[in-house]
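Letter by letter, the chains look like this.
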Amino acid sequence: MIGAQTAFETKMLLRNGEQLLLTVVIPALLLVLFSAVSIVDTGTGKAVDFLAPGILALAVMSTAFTGQAIATGFERRYGVLKRLGASPLPRWALMTAKTGSVLVTEVLQIVLLTAIAFALGWSPHGNPLFVVLLLLLGTAAFSGLGLLMAGTLKAEATLAAANLVFLLLLVAGGVIVPLDRFPGAARDVLALLPVSALSDGLRDVLRDGAGMPWGDLAILLVWAVLGLGAAARFFKWE
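About the cut-offs
- Residues numbered from 1 in each chain as written.
- Predicted model: local features only at pLDDT ≥ 70, side-chain atom pairs only at ≥ 80, totals over all residues.
- Heavy atoms only, no water.
- Helix = DSSP H or I, 4+ residues; strand = E, 2+ residues; numbered from the N terminus.
- Rg over C-alpha atoms; globule rule 2.2 N^0.38 Å.
- Buried < 20%, exposed > 50% of the residue type's maximum accessible area, 1.4 Å probe, protein only.
- Contact = heavy atoms within 4.5 Å.
- Lys, Arg positive; Asp, Glu negative; His and termini not counted.
- Charge placed at Lys NZ, Arg CZ, Asp CG, Glu CD.
- Phe/Tyr/Trp six-rings, centres within 6.5 Å; stacked < 30°, edge-to-face > 60°.
- Lys NZ or Arg CZ within 6 Å of the ring centre and 35° of its normal.
- Expected span 1.5 Å × (residues − 1).
- 1 Å grid on protein atoms, 1.4 Å probe; cavity = no way out; pocket = protein on both sides within 12 Å on 5 of 7 lines; lining within 4 Å.
- Points joined across faces, edges and corners; volume = space filled by probe spheres on them.
- Nonpolar A, V, L, I, M, F, W, Y, C, P; charged D, E, K, R; others polar.
- Salt bridge = Lys/Arg side-chain N within 4 Å of Asp/Glu carboxyl O.
- Patch = residues over 30% accessible without salt bridge, like charges linked within 9 Å, V, L, I, M, F, W, Y side chains within 5 Å.
- Areas by Shrake-Rupley, 256 points an atom, 1.4 Å probe, with all protein chains shown as cover.

(A) Spotlight on the overall build of the chain. Counting secondary structure elements, the chain contains 10 helices and 0 strands. Start at the N end of the chain and walk to the C end: the helices and strands fall as α-α-α-α-α-α-α-α-α-α. Whereas a compact globule of 238 residues would reach a radius of gyration of roughly 18 Å, the chain reaches 18 Å, a difference of no more than 12%. Here the chain holds 238 residues, and the buried ones make up 47% of them. Long-range pairs, those at least 24 residues apart, make up 81% of the contacts in the chain between residues at least 6 apart in sequence. Taken together, the 16 basic and 14 acidic charged side chains of the chain have centroids lying 12 Å from each other.

(B) Representation of the environment of Pro27 in the model. Inspection of the secondary structure puts Pro27 in helix α2 (residues 17–36). Overall, the relative accessible area of 0% leaves Pro27 in the buried class. Ignoring sequence-local partners within four residues, the contact set of Pro27 consists of Leu21, Leu22, Ile55, Leu58 and Leu113.

(C) Up close: the packing of aromatic side chains. Taken as a whole and judged by the stated rule, the model has 3 aromatic pairs. Summarising the aromatic geometry, the rings of Phe235 and Trp237 are spaced 5.4 Å apart at their centres and angled 70 degrees between planes, so their arrangement reads as edge-to-face. Among the residues examined, Phe235 registers a relative accessible area of 13% and is labelled buried. Over the ring of Phe50 we find Arg203; its NZ or CZ atom is 3.8 Å from the centre of that ring.

(D) Just helix α10 (residues 214–234), in detail. The terminal C-alpha atoms of α10 lie 30 Å apart, and with 21 residues this matches the ideal 30 Å at 1.5 Å per residue to within 8%. Summarising the contacts, the buried residues of α10 are in contact with α6 (128–152) and α9 (194–206).

(E) Region of the structure containing the layout of surface pockets. Taken as a whole, the largest pocket holds about 580 Å³ of empty space. Lining the largest pocket are 27 residues; nearest its centre among them are Asn16, Gln19, Gly67, Ala71 and Glu75. Residue contributions to the lining of the largest pocket peak at 8 residues, all from helix α3 (residues 47–77). Its residues assigned to classes, the lining of the largest pocket shows 14 nonpolar, 8 polar and 5 charged. Here the second largest pocket defines a volume of roughly 320 Å³. If you trace the second largest pocket, you find 18 residues lining it, with Ile110, Pro128, Val131, Val132 and Leu135 closest to the centre. Taken together, the elements giving at least two residues each to the lining of the second largest pocket come down to α5 (91–119) and α6. If you tally residues by element for the lining of the second largest pocket, the top one is α6, at 6 residues. Counted by class, the lining of the second largest pocket contains 12 nonpolar, 5 polar and 1 charged residues.

(F) Focus on the pattern of salt bridges. Throughout the structure, instances matching the rule amount to 6 salt bridges. As a salt-bridge pair, Lys98 and Glu9 come within 3.4 Å of each other at their nearest N and O atoms. Here the residue Lys98 occupies a position in helix α5, and Glu9 occupies one in helix α1 (residues 2–15), the gap between them amounting to 89 residues. In terms of burial, Lys98 and Glu9 fall into one category: buried. A salt bridge links Asp180 to Arg181; the nearest nitrogen and oxygen atoms lie 2.7 Å apart. Where salt bridges share partners, they join Glu9, Glu75 and Lys98 into one cluster.

(G) Just the side chain of Thr66, in detail. When you line up the elements, Thr66 lands in helix α3. Setting aside its immediate chain neighbours within four residues, Thr66 contacts Leu22, Met61, Ala162, Asn163 and Phe166.

(H) Seen up close, a nonpolar patch on the surface. Together, Leu14, Leu20, Val104 and Leu108 make up an exposed nonpolar region whose accessible area comes to about 290 Å². Examined against the element boundaries, Leu20 turns out to sit in helix α2. Looking at Leu20, the relative accessible area reads 31%, which means it is partly exposed.

(I) Geometry of the environment of Ala232. Residue placement: Ala232 occurs in helix α10. The exposed category is assigned to Ala232, whose relative accessible area is 67%. The spacing of Ala232 and Trp92 is 140 residues in sequence and 10.0 Å in space, taken between C-alpha atoms.

What follows is the structure, encoded as structure tokens:
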């Protein structure tokens, strides 16, 4: 049942033009644009080496947080979650299927973005296992926050808030603009955001060939625990 529901959730997501634009098209366009045109000073080295890890983090956020929050919020509004909750599929299995759908979509995103980055001259380094662990923790953190938003706010409020957060974190989350371009106090606060931790952690591994970025990993773990815990506690099915 979980496998069938995961396949269904994935098909619905990929058939949604707005969600596809948010999760696939926008990250790909940003990667190409900012790698090809010197709009933002990304420091020494090739721009794509700085941008690719940040865009991967953005892709995770767009799917696990923004896309999932909006889709789940409207499913809740129209009573879809209530009906599914009364079906033979347990509620925990439904959430597991949604998580599986997010992971499948992220794999497709990462394959596409990686291919584009290689075509632009990207030269990644580091241990792939560190990358996978960062991406999984980032997914858990953003999923918890997305489900918390979808399960507590009205659908229209979720739509507005999720898109606003996406835009704000795109600018101030170290995805495209390096955090060292911000004032010291603001930089310290922004570094604690999940997208900043994911971007910086991936950049440390993939660009600099560093070992496991434990500080960034700890930030993601805290966000994952808080987000998933709050979602489990406060999520309303109707």
